[in-house]
Amino acid sequence: MKLFNTLTKKLEEIKPNESGIITMYNCGPTVYSHQHIGNYRAYANWDILHRALVYLGYNVKRIMNITDVGHLTSDEDFGEDKMLKGARKLGVSDPYEVANFFTKSFLKDMYLLNMWSPSGRSMVENFDLSELKEFGWIRATASIEPMIEIIKSMEEKGYVYETEQAVYFDVTKYPEYTELSGQKLEDKLVGVRDDVNVDSKKKNPADFVLWMKRYGTYADHSMHWNSPWGDGFPGWHIECSAMGIEYLGQFISIHTGGIEHIPVHHTNERAQNYGALQKEVVNIWVHNEHMQAKGGEKLGKSLGNALTIDEVTALGYDPMDLRWLLISVNYKIPLKFSEEALDGAKNSRLGVINRLKEKLGSGDREGGVVLDEFKKLFEVALHDNLNMSEAFSIFLEVVKSRESTKDIFATVSDFDRVFGLRIIESLEEKVEAEIPSDIAQLLKDREVARNTKDFVSSDRLRDEILDKGYVVKDTPNGQVVEKQ
Ligand SMILES: [Zn+2]
């Protein structure tokens, strides 16, 4: 498979590690608030990437971090700690309680959106947090020791200096520092200039914190550990270097994240990896474009469009409608979010389901074969930088094709291993749930009329439904209704 490497700005063939495994690290959530649809665009992309790799026969090992410590409110080193901010919002004093609360909220959303866990297992509804590791999620607080070790090895190689406040990475020691973002160091300095006021001993404005001491601003910080540099807590960027190397080794085939991570978080991670191991650890850096508001603005709570999954379902959408929207384009294409876009995804999804329901006879679920010519095209689309719009159009061609119903069923079911849209399960669902309640009532009445062979009423009800803009068809599986 080829993916777009942010570092080389080219499509590159993915490479396995020396054991033949594609190793993948996903930058995960900071669990101080609910995640929103924009965050799930990233997770849905990496879910699809994982599923596609497995579908194409690759051997995959994937992990995702959960940041439950010390992540300050911005990419800058000095600011309000997100976990403490979350604790205040929830009205609790223990930041671990906040982390648990929002980790559970995140995992529930992942279940609702039918995501695989990073280890490739299906999600379960009531997740037991003691099982996080088996499912491929690594909490930062569970890897403090490896973080300290990696800072020590950078220190031995001369990339690190210490002040009363913190331990820093010296960016001037790594000339390739800005390669990932393509920014000039001078430009980068502007963005982080405020920091200089906080620690006057910091040598270069772009230097970043590896270990923050319980000193000055953070004297009372409630999450802290012992280290060779004193009591304190790790900087945010160090967790991804430490956990990636700890769990995936010194060769990471694919490292993912949103484009917002390019200039600071991943730039710093790459510098740390080099400082510790004197080599590039990540082979391909993959970044997804954001989900934007209708007019191209950033999604935001204040604009009311950074919806949570609960808010999406409260509007009457199935989580699979959102999933359809999130995965139907390539990760490098900015995706515009609006209720109309969600309606479009919902209509497409229900259109596919209704068409399949119409076609399927009772014996059509067994004995079909996957249609080879479509499968080949589908695989080509996946290999091509996860060309999802192409994969979807092949899928829709299958649904509409005149091939045998058994084979269509087998092929749809095969493709849905990658999409994860629960297409087959949805065929069992009652159609009433997806249509306005007055139409659902008329359908129920018509069902009764048909069961009692009252064909006059049945025809009258069909016409009444038609007047309201819906077409009823009678199939071996019962009534199927479609918007006109
Ligand atoms: Zn990260």
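What you see is a predicted model, and the numbers here were worked out from it, not measured in a lab. Throughout this description, residue numbers start from 1 for each chain and increase along the sequence as written. Local features are withheld for residues below a pLDDT of 70 in this predicted model, meaning they are given only at 70 or higher, and side-chain atom pairs are given and counted only at 80 or more; totals for whole chains, interfaces and linings count all residues. Think of the side-chain values as coming from all heavy atoms in the structure, minus any hydrogens and water.

Caption draft 1: Highlighting the overall build of the chain. Put simply, DSSP marks the helices as runs of H or I at least four residues long and the strands as runs of E at least two long, and each gets a number from the N terminus on. The helix and strand tally for the chain stands at 16 helices and 15 strands. The globule rule used here is 2.2 Å times the number of residues to the 0.38 power, and the radius of gyration it is set against is calculated over C-alpha atoms. Compactness check: the chain gives a C-alpha radius of gyration of 26 Å against a globular reference of 23 Å for 484 residues, within 12% of the reference. Across its three principal axes, the chain shows a C-alpha extent of roughly 90 × 50 × 40 Å. The buried share of the chain, reckoned over its 484 residues, is 55%. The long-range share in the chain, meaning contacts at least 24 apart out of those at least 6 apart in sequence, stands at 74%. Across the chain, the mean location of the 59 positive side-chain charges is 2 Å away from that of the 76 negative side-chain charges. When accessible area is computed with a 1.4 Å probe and restricted to protein chains, residues below 20% of their type maximum are described as buried, those above 50% as exposed, and intermediate ones as partly exposed. We call two residues contacting when some pair of their heavy atoms lies within 4.5 Å. Positive charge is attributed to Lys and Arg, negative charge to Asp and Glu, and no charge count is given to His or to the chain ends. All charge positions are set by atom: Lys at NZ, Arg at CZ, Asp at CG, Glu at CD.

Caption draft 2: Representation of the pattern of salt bridges in the model. Each reported salt bridge corresponds to a side-chain nitrogen of Lys or Arg within 4 Å of a carboxyl oxygen of Asp or Glu. In total, this model carries 25 salt bridges according to the counting rule given. Here Lys173 and Asp170 are joined by a salt bridge, their closest N and O atoms 3.5 Å apart. Residue classification places Lys173 among the partly exposed residues on the basis of a relative accessible area of 42%. Take Asp170: its relative accessible area is 4%, and that puts it in the buried class.

Caption draft 3: Looking closely at the pairing of strand β2 (residues 10-13). In the sheet, strand β1 (residues 2-5) pairs with β2 via 4 bridges, with the strands oriented antiparallel. The partner of Lys2 across the bridge, within β2, is Glu13. Strand pairing requires that DSSP identify at least two bridges connecting the strands. The hairpin turn running from β1 into β2, its antiparallel successor, is 4 residues long, and Lys9 in that turn takes a positive phi close to 60°.

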